[in-house]
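Examination of the molecular architecture
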Amino acid sequence: MHEIITGLVFEIYYPFIAAIGVPANVAVIVILSRNRCCLSGCVIYYLVSMAVADLLVIITAVILNRIAGMYFPISFLSITPLCSFRSAFNYAALASSAWLTVSFTLDRFIVISCQKLNVKYCSEKMAGRVIIIVFVLSCVKNTFTYFYYEPMYLENNVPWFCALKPIFYTSPAWTAYDWIRSILTPCLPFILILLLNVLTVRHILVANQARRRLRNLNTRGNQKDLEIEKRRKSIVLLFAISGSFILLNLLCFLTIPYVRVAGVTYPSGSDQSTFIFILQESGYMLQLLSSCINPFIYAGTQLKCNNVNSNLKTSFTIVKYYSCAFSKPPTLQLLGAYFNHMEILELYEFNNPS
């Protein structure tokens, strides 16, 4: 485990992430738990669970690990059992966040590309099961990291701080476990998310080309293709979340093979001038930034939803006003004089996503 990280960059960066990320993720959890925001129940489950995982990452990795180490270098958190527990919980939170992103990406891939599995897999009940399984397996897998460490020294029979055991570098079992842990998080999630996005884009392009060919046979002027518009709106959130995960975990993904192949040992905080420390710490900082950015992605992709809801509310107000002004309910032709019927259909489709 790294020694205490010091430096002006770290003293500004980590408190900034904590100050922004904690309230942002809490706001996402509260808002999405009380309002669907034009999203299906399945999507709400995944977004709330990812916000919870991101919040745990910020609390454990940023606040209890980095900030506490910089501003409170010697505290009860530095006792070896608590230090080891913080490390294990930190790995578990990062793994949960990564694999929940994979689960969400797979769910949206099935909705868009695999209609036969849509009803069976993309449901609130199945989403709840997947979320529980991800959290449980992430905790179980990273429980063994608790035994990575030994005390740096004893004071009054109290073990202080964490140092990697020498056997960690020599034991084949620990070496294999460390390889497996690194592959499962973040290497495998990175590859799966990238692959699912490529397949999703390929399916969308093929489907859209087929629809355009069919529409050209029965052209209807410049009228919008509502189905293509609906698909475009439904995948904005998917690509925003998975795209940010790929970009912010890219350096960490590239660092892990380099460290393993080159046989570099884990550097300590006193080696901050070395290239390997800068590389690893930069990847770690970007990885933690992902947990801070996700809430703003949710908010940005829902701005369109809020605008559509406002338009829909206004349209229904107009309908109510004119239905009171006439002795009998207006016909569909009369409603067409006040707003376009196709716009109402588009608003309905948008508010009833898959």
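Let me sum up the structure you'll find in this document.

What counts and what doesn't
- Residues numbered from 1 in each chain as written.
- Predicted model: local features only at pLDDT ≥ 70, side-chain atom pairs only at ≥ 80, totals over all residues.
- Heavy atoms only, no water.
- Helix = DSSP H or I, 4+ residues; strand = E, 2+ residues; numbered from the N terminus.
- Buried < 20%, exposed > 50% of the residue type's maximum accessible area, 1.4 Å probe, protein only.
- Contact = heavy atoms within 4.5 Å.
- Areas by Shrake-Rupley, 256 points an atom, 1.4 Å probe, with all protein chains shown as cover.
- Expected span 1.5 Å × (residues − 1).
- Axes fitted to C-alpha atoms, helices over the stretch in contact; angles between N-to-C directions.
- Parallel < 35°, antiparallel > 145°, perpendicular 65-115°, else oblique.
- Left-handed = near helix turned anticlockwise from the far one by under 90°.
- Nonpolar A, V, L, I, M, F, W, Y, C, P; charged D, E, K, R; others polar.
- Disulfide = S-S within 2.5 Å.
- Core = buried A, V, L, I, M, F, W, Y, C linked by side-chain atoms within 4.5 Å.
- Bend = angle between axes of the 7 residues up to and from the residue.
- Phe/Tyr/Trp six-rings, centres within 6.5 Å; stacked < 30°, edge-to-face > 60°.

Here the focus is the overall build of the protein chain. Tallying secondary structure elements over the protein chain gives twelve helices and four strands in all. Within the protein chain, the fraction of its 354 residues that count as buried is 46%. Residue pairs in contact within the protein chain that sit at least 24 positions apart in sequence constitute 78% of those at least 6 positions apart. For the protein chain, the accessible area works out to roughly 19,000 Å², and carbon and sulfur atoms hold 68% of it.

Our focus in this paragraph is helix 1 (residues 8-34). Side chains three or four residues apart in an α-helix point the same way, a direct result of the helix having 3.6 residues per turn. Compared with the 39 Å implied by 1.5 Å per residue over 27 residues, the 40 Å span of helix 1 between its first and last C-alpha is a close match. Turning to helix 1, its buried residues number three or more, namely F10, Y13, Y14, I17, A18, G21, A24, N25, V28, I29 and L32. Contact partners of the buried residues in helix 1: helix 2 (41-71) and helix 9 (275-301).

This paragraph deals with the packing of helix 1 against helix 2. Axis separation between helix 1 and helix 2 bottoms out at 9 Å; the angle between their running directions is 155°. As summarised for this structure, helix 1 and helix 2 are arranged roughly antiparallel, according to the angle between their axes. At the point where helix 1 passes helix 2, the crossing takes the left-handed sense. A breakdown of the residues in the contact of helix 1 with helix 2 according to their chemical character gives 22 nonpolar, three polar and three charged.

This model, assessed by the stated rule, comprises one disulfide. Here C83 engages in a disulfide with C162; their sulfurs sit 2.3 Å apart. With C83 in helix 3 (residues 80-113) and C162 in the loop between strand 3 (158-160) and strand 4 (163-164), this pair connects stretches of sequence that are 79 residues apart. Overall, the relative accessible area of 4% leaves C83 in the buried class.

Right, let's get into unusual backbone geometry. For the peptide bond that leads from T185 to P186, omega is 10°, which places it in the cis range. Relative to the assigned elements, P186 resides in helix 7 (residues 172-217). In this model, N156 sits at a positive phi of 55°, which is unusual for a non-glycine residue. On the secondary structure map, N156 appears in the loop between strand 2 (153-155) and strand 3.

A few words now on the side chain of N90. Tracing the backbone shows N90 in helix 3. Dropping the residues within four chain positions of it, N90 is found in contact with T60, A61, N65 and Y284.

What follows deals with the nonpolar core. Within the largest apolar cluster, 46 residues are counted, with the highest numbers of intra-cluster contacts made by Y46, L47, F104, L237 and I241. Sorting the residues of this core by element identifies helix 1, helix 2, helix 3, helix 5 (124-142), helix 7, helix 8 (226-262) and helix 9 as the ones contributing at least two each. Element by element, the count of residues in this core is highest for helix 2, at ten residues. Not counting residues up to four positions away in its chain, the partners in contact with L47 are L32, L39, F104, L237, I241 and Y298. If you look at the next biggest cluster of nonpolar residues, it comprises 21 residues, including I5, I58, V62 and A93.

The next point concerns helix 9. Compared with the 39 Å implied by 1.5 Å per residue over 27 residues, the 38 Å span of helix 9 between its first and last C-alpha is a close match. Maximal helix bending in helix 9 amounts to about 35°, located at C292; proline P295 follows within four positions. Burial of helix 9 is extensive: 19 of the 27 residues sit out of reach of the surface.

As a further point, take the packing of aromatic side chains. Each aromatic ring pair is characterised by the separation of its centres together with the angle its planes make. Inspection of the entire model under this criterion finds 17 aromatic pairs. Between Y148 and F168, the ring centres sit 4.7 Å apart and the planes meet at 65°, which makes this aromatic pair edge-to-face. Pair noted here: Y148 is in the loop between helix 5 and strand 1 (149-150) and F168 is in helix 6 (residues 167-170), with a separation of 20 residues, a long-range link. On the basis of relative accessibility, which here comes to 2%, the residue Y148 falls in the buried class. Both rings, one in Y148 and one in W174, keep their centres 5.3 Å apart while their planes meet at 75°; by these two values the pair is edge-to-face. Of this pair, Y148 sits in the loop between helix 5 and strand 1 while W174 sits in helix 7; the two residues are 26 residues apart in sequence, bridging distant segments of the chain. Taken individually, Y148 and W174 each receive the classification buried, so the pair is uniform in this respect. One aromatic cluster in this structure is built from F144, Y148, Y149, F168, Y169, W174 and Y177.

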